[in-house]
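# Architecture at a glance
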Amino acid sequence: MGNTVAREDFEWVYTDQPHADRRKEILAKHPEIKALMKPDYNLIWVVVLMVLAQLTAFYLVKDLDWKWVVFWAYVFGSCISHSMTLAIHEISHNSAFGNSKAMWNRWFGIFANLPLGLPYSISFKRYHMDHHRYLGGDGIDVDIPTNFEGWFFCTPFRKFMWIVLQPFFYAIRPLCINPKPISRLEVINLLAQLSFDVVIYYLWGVKSIFYMLAGSVLGLGLHPISGHFIAEHYMFLKGHETYSYYGPLNLLTFNVGYHNEHHDFPNIPGKSLPLVKKIAAEYYDNLPQYNSWIKVLYDFVMDDTISPYSRMKRQLKGEVKQD
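Given the structure is predicted, the values throughout are model-derived calculations rather than measurements. (Residues numbered from 1 in each chain as written. Predicted model: local features only at pLDDT ≥ 70, side-chain atom pairs only at ≥ 80, totals over all residues. Heavy atoms only, no water.)

### Side note on the packing of aromatic side chains
Spelled out, the test is: Working definition: rings of Phe, Tyr and Trp (its six-membered ring) pair if their centres are within 6.5 Å, and the pair is stacked with planes under 30 degrees apart, edge-to-face with planes over 60 apart, and tilted otherwise. Strands here mean DSSP runs of E at least two residues long; helices mean DSSP runs of H or I at least four residues long; both are numbered from the N terminus. When a residue's accessible area, from a 1.4 Å probe over protein chains only, is under 20% of the maximum for its type it is buried; when over 50% it is exposed; and in between it is partly exposed. Put simply, a charge is over a ring when the Lys NZ or the Arg CZ is close to the ring centre, within 6 Å, and near the line of the ring normal, within 35 degrees.
Inspection of every chain in the model, using the stated rule, returns 26 aromatic pairs. With a centroid separation of 4.0 Å and 20° between ring planes, the pair formed by Tyr245 and Trp293 is classed as stacked. Linking Tyr245 in strand 2 (residues 244-245) with Trp293 in helix 15 (residues 293-302), this pair joins segments that are 48 residues apart in sequence. Exposure class is identical for Tyr245 and Trp293. Each is buried. Through pairs of rings, three or more aromatic residues link up here, namely Phe148, Trp151, Phe152, Phe153, Phe168 and Phe169. A cation over a ring is seen here: Lys159 above Phe300, with NZ or CZ 5.5 Å from the ring centre. Lying over the aromatic face of Tyr170, Arg173 brings its terminal NZ or CZ to 4.9 Å of the ring centre.

In structure tokens, the structure reads:
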């Protein structure tokens, strides 16, 4: 399994993404789905409880031996941290307070960001909207790996390291592919995060800070939940651009596994995506799907025909509007 993969470039396509057309078709046939396009106010309380859980953990680890700090950072902190990034994903779609209170969602996203240790929420919102509008768009969608990633991470060991280093690549990829001017809200996000980190260090010391940052890095790297990064859009079957996952880890990830449903209806909160699938079952049941993110990670590493190049990419035409 040590040979380089056969693929040497992305899969260039010259058609529009399938989600807009399918959304129109489904709504014409099932207009009752429109009733699901409303905020999920339970998300607010779930996020508050998650922040409180991490604050409690910061306190509890402050006097532990280092080996236990590392242990709990991976076993517990990483799960909460990755789950919180997906709560921020929900908030970026205005699922907490609704579209009429967009700024409330932005402030709440900054609050949800605090136990992650690194500023993330506002920048994620700006780039994630591009991902939905221009899925696979060359030079726009920063979910697409760089040419270097596709070229270099082409053996099982290198692909394994690519998975471990996912947080690093997600952080620097926007700067390489589609850099944007820093916004006022991003500065506020940064200052709020630095202030929070200083307070945690002052109150409880370096072990709490390490637990916080290690949990975020480990949770977004070599972790079962991280299978969703690859499962969502990497082309395991030629011609299929988006894949859903219907396994139990959706309980920890705000149903992000329902990814075809999410791209079809990005204004429906994750809580209601199983209902979308149930109502429009004839559109989703026969699409390629996963039941194990761990298997996705294993197959990605061991299958010589899959690599970071295994993505559909589009040359965008006409005017491109970005946040």
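### Observations regarding the packing of helix 2 (residues 42-60) against helix 3 (residues 66-92)
Under the convention used in this document: Axes here refer to lines fitted to C-alpha atoms; in helices the fit is confined to the stretch in contact. Angles between the N-to-C directions go from 0 to 180 degrees. Should an angle fall under 35 degrees it is taken as roughly parallel, and over 145 as roughly antiparallel, whereas 65 to 115 is taken as roughly perpendicular and any remaining angle as oblique. In this scheme the handedness of a crossing depends on how the near helix is turned from the far one: anticlockwise by less than a right angle means left-handed, clockwise means right-handed. We call two residues in contact when some of their heavy atoms are within 4.5 Å. Residues are grouped as follows: Ala, Val, Leu, Ile, Met, Phe, Trp, Tyr, Cys and Pro are nonpolar; Asp, Glu, Lys and Arg are charged; all remaining types, including Gly, are polar.
Between helix 2 and helix 3, the least distance of the axes is 11 Å, while the angle of their chain directions is 150°. When the interaxial angle is binned, helix 2 and helix 3 end up roughly antiparallel. Judged by the sense of rotation from one axis to the other, the crossing of helix 2 with helix 3 is left-handed. The segment helix 2 lies against helix 3, with Leu43, Val47, Met50, Val51, Gln54 and Ala57 engaging Phe76, Gly77, Ile80, Ser81, Ser83, Met84, Ala87, Glu90 and Ile91. Partitioned by chemical class, the residues of the contact of helix 2 with helix 3 number 10 nonpolar, 4 polar and 1 charged.

### Description of the UniProt feature "transmembrane region" (unreviewed entry) in the chain
The condition is simple: UniProt positions are given in the numbering used here, feature names are shortened, and annotations may be inferred rather than shown by experiment.
Residues annotated by UniProt as "transmembrane region" (unreviewed entry) correspond here to residues 43-61, 68-87 and 107-124. The span residues 68-87 is 100% helix and 0% strand, and its two end C-alpha atoms sit 27 Å from each other.

### Focus on a nonpolar patch on the surface
Put simply, the test is: Patch membership requires over 30% relative accessible area and the absence of a salt bridge. Like charges are linked within 9 Å, and nonpolar side chains (Val, Leu, Ile, Met, Phe, Trp, Tyr) within 5 Å. Using a 1.4 Å probe, the Shrake-Rupley method yields the accessible areas, and only the shown protein chains count as cover for residues. When a carboxyl oxygen of Asp or Glu lies within 4 Å of a side-chain nitrogen of Lys or Arg, that pair is called a salt bridge.
A cluster of nonpolar side chains, Trp68, Phe71, Trp72, Tyr74, Val75, Phe76 and Leu218, forms an exposed patch at the surface whose accessible area comes to about 610 Å². Along the chain, Phe71 turns up in helix 3. Judged by its relative accessible area of 36%, Phe71 falls in the partly exposed class.

### As for helix 4 (residues 102-113)
Rules: The span you would expect from a helix comes to 1.5 Å times its residue count less one.
Here helix 4 is 12 residues long and its end C-alpha atoms lie 17 Å apart, about the 16 Å a rise of 1.5 Å per residue gives. Buried residues belonging to helix 4 abut helix 2, helix 3, helix 5 (121-133) and helix 9 (184-204).

### A short note on the packing of helix 2 against helix 9
Axis separation between helix 2 and helix 9 bottoms out at 10 Å; the angle between their running directions is 35°. Both helix 2 and helix 9 take part in a crossing whose hand is right-handed. Contacts from Leu55, Phe58 and Tyr59 in helix 2 reach Phe196, Ile200 and Trp204 in helix 9. When grouped by side-chain class, the residues that make up the contact of helix 2 with helix 9 number 6 nonpolar, no polar and no charged.

### Remarks on the pattern of salt bridges
Summed over all chains, the structure comprises 14 salt bridges. The partner of Asp40 in a salt bridge is Lys271, with the nearest N and O atoms 3.6 Å apart. In this pair, Asp40 is assigned in the loop between helix 1 (19-29) and helix 2 and Lys271 in the loop between helix 12 (259-264) and helix 13 (273-279), connecting sequence segments 231 residues apart. As a salt-bridge pair, Arg126 and Glu186 come within 2.6 Å of each other at their nearest N and O atoms. Here Arg126, found in helix 5, pairs with Glu186, found in helix 9; they are 60 residues apart in sequence, far enough to count as distant. Neither Arg126 nor Glu186 differs from the other in exposure class; each is buried.

### Some thoughts on unusual backbone geometry
In this structure, Phe254 takes a positive phi of about 55° despite not being glycine. Relative to the helices and strands, Phe254 resides in the loop between strand 2 and helix 12.

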